Amino acid sequence: DTAVSQTPKYLVTQMGNDKSIKCEQNLGHDTMYWYKQDSKKFLKIMFSYNNKELIINETVPNRFSPKSPDKAHLNLHINSLELGDSAVYFCASAGGRRYEQYFGPGTRLTVT
Amino acid sequence: ILNVEQSPQSLHVQEGDSTNFTCSFPSSNFYALHWYRWETAKSPEALFVMTLNGDEKKKGRISATLNTKEGYSYLYIKGSQPEDSATYLCALPGDKLIFGTGTRLQVFP
């Protein structure tokens, strides 16, 4: 039973294309996140949604647009992909009293 | 801006050695501290959530302690095994998780 799932796991695409990454959680959590693993392997928060509402947007280019159709899903759409967008993107969810985050398996995006 | 620091940045130990590393954080307005284990090519996995000063948590050979007054937490691994090789992250929860930079542990057989 996968708690947080992401699709696709790998995505190779050309510069200028538009692509989406999907994330779903079956934990009943209210809050979901998107992170980017940067070149130094650090996790950088991009967005956070609580109950379908955007609560954090961390200086991410407008080309990145998250969409939350319901509280179990947080998708990431990226327009006009650039070489610098190549990275691993992690989705996560959190909830309950302890609020530790459960991460998806990651999506490795390669822009050529 | 919250600053969460971890040391050392990386650590190489022999199988069977015990090891520990540190997470330092501002002691004011403390709410909770998370420890995560992040294996290469996988996703971070929660190890512990610590909230009370003096807390000690244990999971198998891994344990953690918390000192909220002085602003640090230690993670200990007893009898390290190659499968313990990973990056260990601490984080402070809030509107968003503030992650430390991690300690990269490599255990050699």
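Nothing here was measured: the structure is a model prediction, and the numbers come from that model.

Things to note about the sheet that holds strand E8 (residues 73–78) of chain A
All names here are of chain A. Within the open sheet, the four strands sit side by side as E1-E3-E8-E7. Their pairing is antiparallel. Both edges of this open sheet fall to strand E1 (4–7) and strand E7 (64–70), since each of them pairs with a single strand only. If you compare each strand with its neighbour and ignore which way they point, the axes differ by 20° on average. Two strands pair when backbone bridges link them, and E1 and strand E3 (residues 19–25) are joined in this way by four bridges, in the antiparallel orientation. Residue pairing across strands places Thr7 opposite Lys22, the latter belonging to E3.

Let's talk about the packing of aromatic side chains
Counting across every chain of the model gives 14 aromatic pairs over all chains. On the numbers, 5.9 Å between centres and 90° between planes, the contact of Phe103 of chain A with Tyr36 of chain B is edge-to-face. Of this pair, Phe103 of chain A sits in strand E10 (residues 101–103) while Tyr36 of chain B sits in strand E4 (residues 33–38), each in a different chain. Just as Phe103 of chain A is buried, Tyr36 of chain B falls in that class too. What links up through ring pairs into an aromatic cluster is the set Tyr33, Tyr35, Phe90 and Phe103 of chain A together with Tyr36, Trp38 and Phe99 of chain B.

Describing the interface of chain A and chain B
The partner chain B presents 16 residues to the 19 residues of chain A that form the contact. Interface area for chain A against chain B, summed over the two sides, is near 1,400 Å², with a carbon-plus-sulfur share of 64%. It is Leu43, Arg98 and Phe103 of chain A in chain A that bury the most area against chain B; as a group they hold 31% of the surface buried on that side. Across the contact surface, chain A and chain B share zero salt bridges. At the surface where chain A touches chain B, the tally comes to two residue pairs in polar contact (both at pLDDT 80 or more). Counting residues per element, the ones that place at least two in the side of chain A that touches chain B are strand E4 (31–37), strand E5 (43–50) and E10 of chain A.

Section: the state of the cysteines
Residues and elements named next belong to chain A. As enumerated under the stated definition, the model contains two disulfides over all chains in all. Each sulfur in the disulfide pair Cys23 and Cys91 lies 1.8 Å from the other. Between Cys23 and Cys91 the sulfur-sulfur dihedral comes to about -75°; the bridge is accordingly left-handed. Taken together, the residues span a long stretch of sequence, with Cys23 in strand E3 and Cys91 in strand E9 (residues 87–94) at a distance of 68 residues.

So, the sheet that holds strand E1 (residues 5–7) of chain B
Residues and elements named next belong to chain B. Read across the sheet, five strands follow the order E1-E3-E8-E7-E6 without closing on themselves; strand pairing throughout is antiparallel. Bordering the open sheet on either side are E1 and strand E6 (56–59), each of which pairs with just one other strand. Recorded for the sheet is a direction-independent mean angle of 15° between the axes of neighbouring strands. The pairing of strand E3 (residues 19–24) with strand E8 (residues 72–77) spans six bridges and is antiparallel. Note that in E8 the partner of Asn20 across the bridge is Tyr76.

About the criteria used
- Residues numbered from 1 in each chain as written.
- Chains lettered and ligands numbered in written order.
- Predicted model: local features only at pLDDT ≥ 70, side-chain atom pairs only at ≥ 80, totals over all residues.
- Heavy atoms only, no water.
- Pairing = 2+ DSSP bridges.
- Helix = DSSP H or I, 4+ residues; strand = E, 2+ residues; numbered from the N terminus.
- Axes fitted to C-alpha atoms, helices over the stretch in contact; angles between N-to-C directions.
- Phe/Tyr/Trp six-rings, centres within 6.5 Å; stacked < 30°, edge-to-face > 60°.
- Buried < 20%, exposed > 50% of the residue type's maximum accessible area, 1.4 Å probe, protein only.
- Contact = heavy atoms within 4.5 Å.
- Buried area = accessible area lost by both parts, 1.4 Å probe.
- Salt bridge = Lys/Arg side-chain N within 4 Å of Asp/Glu carboxyl O.
- Polar contact = N/O pair within 3.5 Å; in protein donor to acceptor, adjacent residues only side chain to side chain.
- Disulfide = S-S within 2.5 Å.

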